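Architecture at a glance
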Amino acid sequence: MAPASRDRVGVDLRGIGEAVRAAACARHSTIAAFARDALVEAVGRPATLQEVVAADFDRAEIVKLTLRLRESEAEALILNATGLGLCYSDYVARLVRQTPLPMPAVERAADRAALMASTDNLAALSANLAAFMRLLRMGKSAEVEKYRRRIEAVDLEIRRHLDRVSTLIAGA
């Protein structure tokens, strides 16, 4: 018999539903997880962590998941996800994978605006330095030459920064 793409089964509990719910609750487990544990025990060979990870995370397919939450929890999920600029599934997936969540979208927008303003200021400073450099080239003293080399280095650092920031801002 070929394996199904989704191993799923419905079980008629025939009157023991309350006992199953109580046992699952006592183990701080869902009924589905409780049933899986019972079936693994009945089969006699528990799945290894590697098998579970391979079966669950190596699949390229996306599966639909339905969650039952209290209304306040559902509202919190919606607010948290949208506040971070994520769809619900991406938000939950990051929580499950324990990957860092992005900063709230409002803060990212404010940081981006501040970075753009700072970049504009650096661009203006770079232009002023270039003009100053033209004036310094007219002077011939050793003291002016020392400052000219340092200002050229600063201007080069500013231009590198502007290139990096421009790429970052364009991708944000």
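We now turn to the structure provided with this report. (Residues numbered from 1 in each chain as written. Predicted model: local features only at pLDDT ≥ 70, side-chain atom pairs only at ≥ 80, totals over all residues. Heavy atoms only, no water.)

1. So, the nonpolar core
- Counting residues in hydrophobic clusters, the biggest one holds six residues: Leu 129, Met 133, Leu 136, Ile 151, Ile 158 and Leu 162.
- Listed by contribution, the elements that provide at least two residues to this core are helix 6 (105-138) and helix 7 (142-171).
- Within the second largest apolar cluster, five residues are counted, among which are Leu 77, Ala 81, Leu 84 and Leu 86. (Core = buried A, V, L, I, M, F, W, Y, C linked by side-chain atoms within 4.5 Å. Buried < 20%, exposed > 50% of the residue type's maximum accessible area, 1.4 Å probe, protein only. Helix = DSSP H or I, 4+ residues; strand = E, 2+ residues; numbered from the N terminus.)

2. Notes on the side chain of Asp 155
- Among the structural elements, Asp 155 can be located in helix 7.
- Not counting residues within four places of it along the chain, the set of residues in contact with Asp 155 comprises Ser 126 and Leu 129. (Contact = heavy atoms within 4.5 Å.)

3. Focus: a nonpolar patch on the surface
- Together, Leu 65, Leu 67 and Leu 69 make up a nonpolar patch on the protein surface, roughly 300 Å² of accessible area in all.
- Here Leu 65 shows up in the loop between helix 3 (49-57) and helix 4 (71-83).
- Given a relative accessible area of 62%, Leu 65 falls into the exposed group. (Patch = residues over 30% accessible without salt bridge, like charges linked within 9 Å, V, L, I, M, F, W, Y side chains within 5 Å. Areas by Shrake-Rupley, 256 points an atom, 1.4 Å probe, with all protein chains shown as cover. Salt bridge = Lys/Arg side-chain N within 4 Å of Asp/Glu carboxyl O.)

4. Notes on unusual backbone geometry
- Notably, Arg 14 is not glycine yet its phi reads approximately 45 degrees, a positive angle.
- Considering the arrangement of structural elements, one finds Arg 14 in the segment before helix 1 (17-26).
- The backbone of Gln 98 shows a phi angle near 60 degrees, a positive value even though the residue is not glycine.
- With respect to the helices and strands, Gln 98 occurs in the loop between helix 5 (88-97) and helix 6.

5. Digging into the pattern of salt bridges
- Counted by the stated rule, this structure contains four salt bridges.
- With its nearest N and O atoms 3.6 Å apart, the salt bridge here joins Arg 21 to Glu 18. Of this pair, Arg 21 and Glu 18 are both found in helix 1, three residues apart, which corresponds to roughly one turn of the helix.
- Among the salt bridges present, the one from Arg 70 reaches Glu 73, with a minimum N-O distance of 3.3 Å.
- For Glu 73, a relative accessible area of 35% gives the class partly exposed.

6. With respect to the side chain of Thr 119
- Within the secondary structure layout, Thr 119 lies in helix 6.
- Side-chain polar atoms of Thr 119 contact the backbone oxygen of Leu 115, separated by 2.7 Å. (Polar contact = N/O pair within 3.5 Å; in protein donor to acceptor, adjacent residues only side chain to side chain.)

7. Comments concerning the packing of helix 4 against helix 5
- Two elements in contact, helix 4 and helix 5, have axes separated by 9 Å at closest approach and are oriented at 95 degrees. As the angle between them shows, helix 4 and helix 5 are arranged roughly perpendicular. Residue-level inspection shows Leu 77, Ile 78, Asn 80, Ala 81 and Thr 82 of helix 4 in contact with helix 5, the latter providing Tyr 88, Tyr 91 and Val 92.
- Taken together, the residues that form the contact of helix 4 with helix 5 break down as six nonpolar, two polar and no charged. (Axes fitted to C-alpha atoms, helices over the stretch in contact; angles between N-to-C directions. Parallel < 35°, antiparallel > 145°, perpendicular 65-115°, else oblique. Nonpolar A, V, L, I, M, F, W, Y, C, P; charged D, E, K, R; others polar.)

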